[in-house]
Amino acid sequence: MRRKFIYGIKVIADGQNLYIIKEALDLMKEKTPEFFWLIVDNVKEMRQLEDRDLLWEGPARTIKGKSKIEFTHILARQFKTYTVAFILVHEATHIVDQRKGLPYTKESEIRANEAGITFLRALGQALGKVEDYDLEERIKSIEKGNDMIRKGLFYSELP
């Protein structure tokens, strides 16, 4: 794995993951600068986990109190740039909540998803049609997930 600073964020990852993270940040910088700055101002480090350290929670997680995101080793192989950008917005929102002293709850998970939805809508307005990626379908899927969180079907262990 290589270490590289991308827009001041220390990123420790293999070449594929370094590339897609830079691509996602470049996209946000150009098309949705407010979300670019959300990440640059709040995330200090991103680290790829080794193959053996798979995440059960999802493709990434925020490390409490560290302004740090850890992500799965297959990020670049599994997701498109738009989804990686969404993931970064989602995790940066958790970091902002942590800095405000807010606990990790179902509501914070919904709030992070809603920030991601706002990002996807802004991206859609900036880009118009996105080939090979249905932004509206992705938004509907996230909204459905939020509904399932509210009903206690996802993240049932959280307050």
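In short, a report on the structure. This structure is a prediction, so every number in the text was calculated from the model and none was measured. (Residues numbered from 1 in each chain as written. Predicted model: local features only at pLDDT ≥ 70, side-chain atom pairs only at ≥ 80, totals over all residues. Heavy atoms only, no water.)

A short note on the layout of surface pockets
Considered as a void within the structure, the largest pocket measures approximately 840 Å³ in volume. Together, 35 residues line the largest pocket, and H90, E91, Y104, E109 and Y155 are the ones closest to its centre. Sorting the residues of the lining of the largest pocket by element identifies β4 (60–63), α4 (81–99), α5 (106–127) and α6 (135–150) as the ones contributing at least two each. Along the lines of polarity and charge, the residues of the lining of the largest pocket split into 14 nonpolar, 12 polar and 9 charged. (1 Å grid on protein atoms, 1.4 Å probe; cavity = no way out; pocket = protein on both sides within 12 Å on 5 of 7 lines; lining within 4 Å. Points joined across faces, edges and corners; volume = space filled by probe spheres on them. Helix = DSSP H or I, 4+ residues; strand = E, 2+ residues; numbered from the N terminus. Nonpolar A, V, L, I, M, F, W, Y, C, P; charged D, E, K, R; others polar.)

With respect to empty space enclosed by the protein
All told, the structure shown has 1 cavity of 30 Å³ or more when counted by the stated rule. If you add up the space inside the largest cavity, you get close to 30 Å³. Lining the largest cavity are I21, M46, A60, I69, F71, L75, V84, I87 and L88. For the lining of the largest cavity, the secondary-structure elements that each account for two or more residues are β5 (68–71) and α4. Take the lining of the largest cavity: its biggest share by element is 3 residues, from α4. Its residues placed into classes, the lining of the largest cavity shows 9 nonpolar, no polar and no charged.

A few points about the sheet that holds β5
Pairing in this open sheet of 5 strands is mixed, and the strands run β1-β2-β3-β5-β4 from one edge to the other. With partners counted over all chains shown, the strands left at the sheet margins are β1 (2–6) and β4, one partner each. Neighbour-to-neighbour, the strand axes of this sheet turn through a mean angle of 20°, independent of strand direction. Across 4 bridges, strand β3 (residues 45–48) lies against β5 in parallel orientation. (Pairing = 2+ DSSP bridges. Axes fitted to C-alpha atoms, helices over the stretch in contact; angles between N-to-C directions.)

Considering the packing of helix α1 (residues 15–31) against α5
Here α1 crosses α5 at 70°, and the two axes come no closer than 10 Å. Regarding the angle of α1 to α5, the classification is roughly perpendicular. In the crossing of α1 with α5, the sense of the turn from one axis to the other is left-handed. Residue-level contacts link L27, M28 and K31 of α1 to F119, L123, A126 and L127 of α5. For the contact of α1 with α5, a count of residues per class yields 6 nonpolar, no polar and 1 charged. (Parallel < 35°, antiparallel > 145°, perpendicular 65-115°, else oblique. Left-handed = near helix turned anticlockwise from the far one by under 90°. Contact = heavy atoms within 4.5 Å.)

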